[in-house]
Amino acid sequence: KSSYDAARSSFSGLLIPGTMALLTAFVGFATLVLIPIPMIRELAITASIAGLKGDPGVSVYVASKHAVIGLARSLMKETGPLGIRVNATAPGEIDTSILSPGTEKIVEQQIPMHRLGTPDEVAKIIYVLCTETSSYVNGAEIHINGGQHV
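One numbering rule holds for all chains: residues counted from 1, following each sequence as written. For a predicted model such as this one, the threshold for reporting local features is a pLDDT of at least 70, and the threshold for listing and counting side-chain atom pairs is 80 or more; totals across whole chains, interfaces and linings nevertheless cover every residue. Note: side-chain values were computed over all heavy atoms of the structure, leaving out hydrogens and water.

**Re the overall build of the chain**
In DSSP terms, a helix is any run of H or I states spanning at least four residues, a strand is any run of E spanning at least two, and both are numbered starting from the N terminus. The helix and strand tally for the chain stands at four helices and three strands. If you list the helices and strands of the chain from N to C, you get α-β-α-β-α-α-β. Note on definitions: a residue-residue contact is assigned when non-hydrogen atoms from the two residues lie within 4.5 Å. Put simply, of all contacts in the chain between residues at least 6 apart along the chain, 68% involve residues at least 24 apart. What sets the accessible areas is the Shrake-Rupley method with a 1.4 Å probe; for residues, cover comes only from the shown protein chains. With the model as given, the accessible surface of the chain reaches about 9,100 Å², and the carbon-plus-sulfur share is 64%.

Printed below as a string of structure tokens:
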């Protein structure tokens, strides 16, 4: 496959999902800021390990996840004075129905724990980010990837 074909495939296959991921995050945050909900003081947005690095063939997806992390960082500064904390999670390979072909090789070669993460492990971190336990955590990117990012 040529570089042109790979780029074309990446853009055509991921442009809409990547754009939707960013748009969904932005609309959610904009709604919260424009229509304040007094009881909400913690936001945890989910990006991806792709937002921390680059991968070939999925450039639009990677760009959307970098954008989600940038959005979380900027919103943290904008909503901090309102008493709202904003953090991002960056899951890696998680055992879900959307795993890509070749994931087994990634797990064996790139993840020091040599296993997939579970949705429950991600949910528990998000839960902690939305509780008083993490009351001084703001603007963080929490890596949930078994050490894959190192």
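**Side note on helix α2 (residues 59–79)**
With 21 residues, α2 should cover 30 Å at 1.5 Å per step; its first-to-last C-alpha distance of 30 Å lies within 8% of that length. Partly exposed describes any residue whose relative accessible area lies between the buried limit of under 20% and the exposed limit of over 50%, with all areas from a 1.4 Å probe on protein chains only and scaled to the type maximum. For α2, the set of buried residues is V60, V62, S64, K65, V68, I69, L71, A72, L75, M76 and T79. One fewer than the residue count of a helix, multiplied by 1.5 Å, yields its expected span.

**What about the sheet that holds strand β1 (residues 42–46)?**
At least two bridges found by DSSP between two strands is the condition for calling them paired. An order of β1-β2-β3 is seen for the three strands of this open sheet, with the pairing classed as parallel. One side of each edge strand has no neighbouring strand; the edge strands of this open sheet are β1 and β3 (141–144). Neighbouring strand axes in the sheet, compared pairwise and without regard to direction, differ in orientation by 25° on average. When β1 meets strand β2 (residues 85–91), the two strands line up parallel, connected through five bridges. Pairing of A44 across the sheet is with N87, part of β2. Every axis corresponds to a line fitted to the C-alpha atoms, with the helix fit spanning only the stretch in contact, and the corresponding angles, defined between N-to-C directions, vary from 0 to 180 degrees. Set on the sheet, α2 makes contact with β1, β2 and β3; between it and β2 the angle comes to about 160°.

**Let's talk about empty space enclosed by the protein**
In the cavity and pocket records, a cavity denotes points on a 1 Å grid over the protein atoms alone where a 1.4 Å probe fits but cannot get out, a pocket denotes an open set with protein on both sides within 12 Å along at least 5 of 7 lines, and lining residues are residues with an atom within 4 Å of a point. Grid points are joined across faces, edges and corners, and a volume is the space filled by probe spheres set on the points. Applying the stated rule across the entire model yields one cavity of 30 Å³ or more. Counting residues per element, the ones that place at least two in the lining of the largest cavity are α2 and β2. Residues were grouped as follows: Ala, Val, Leu, Ile, Met, Phe, Trp, Tyr, Cys and Pro as nonpolar; Asp, Glu, Lys and Arg as charged; and all remaining residues, including Gly, as polar. Among the residues making up the lining of the largest cavity, the classes are represented as five nonpolar, two polar and two charged.

**Thoughts on the side chain of T103**
With respect to the element layout, T103 can be found in helix α3 (residues 103–110). Engagement of the side chain of T103 in a polar contact is seen with the backbone oxygen of S100, the distance being 2.5 Å. For T103, the residues in contact, after removing those within four places along its chain, are E93 and L116. What qualifies as a polar contact is a pair of N or O atoms within 3.5 Å, subject to a donor-acceptor requirement within protein and to the restriction that residues adjacent in sequence count only when both atoms come from side chains.

**What about the pattern of salt bridges?**
One side-chain nitrogen of Lys or Arg within 4 Å of one carboxyl oxygen of Asp or Glu is enough to make a salt bridge. Considering all chains together, one arrives at five salt bridges under this definition. Ionic pairing is found between E141 and R73, a salt bridge with its closest N-O pair at 2.2 Å. One end of the pair, E141, is in strand β3; the other, R73, is in helix α2, with 68 residues separating them in the sequence. E141 sits in the partly exposed class, given a relative accessible area of 23%. Residues R115 and E121 are paired through a salt bridge, measuring 2.7 Å at the closest nitrogen-oxygen approach.

**As for the confidence of the model for the chain**
Per-residue confidence from the predictor is reported as pLDDT, a score between 0 and 100. Per-residue confidence for the chain gives a mean pLDDT of 81, with 74% of residues at or over 70. In the model, residues 10–16 has pLDDT below 50 throughout and makes 14 contacts with residues more than four positions away in sequence or in other chains.

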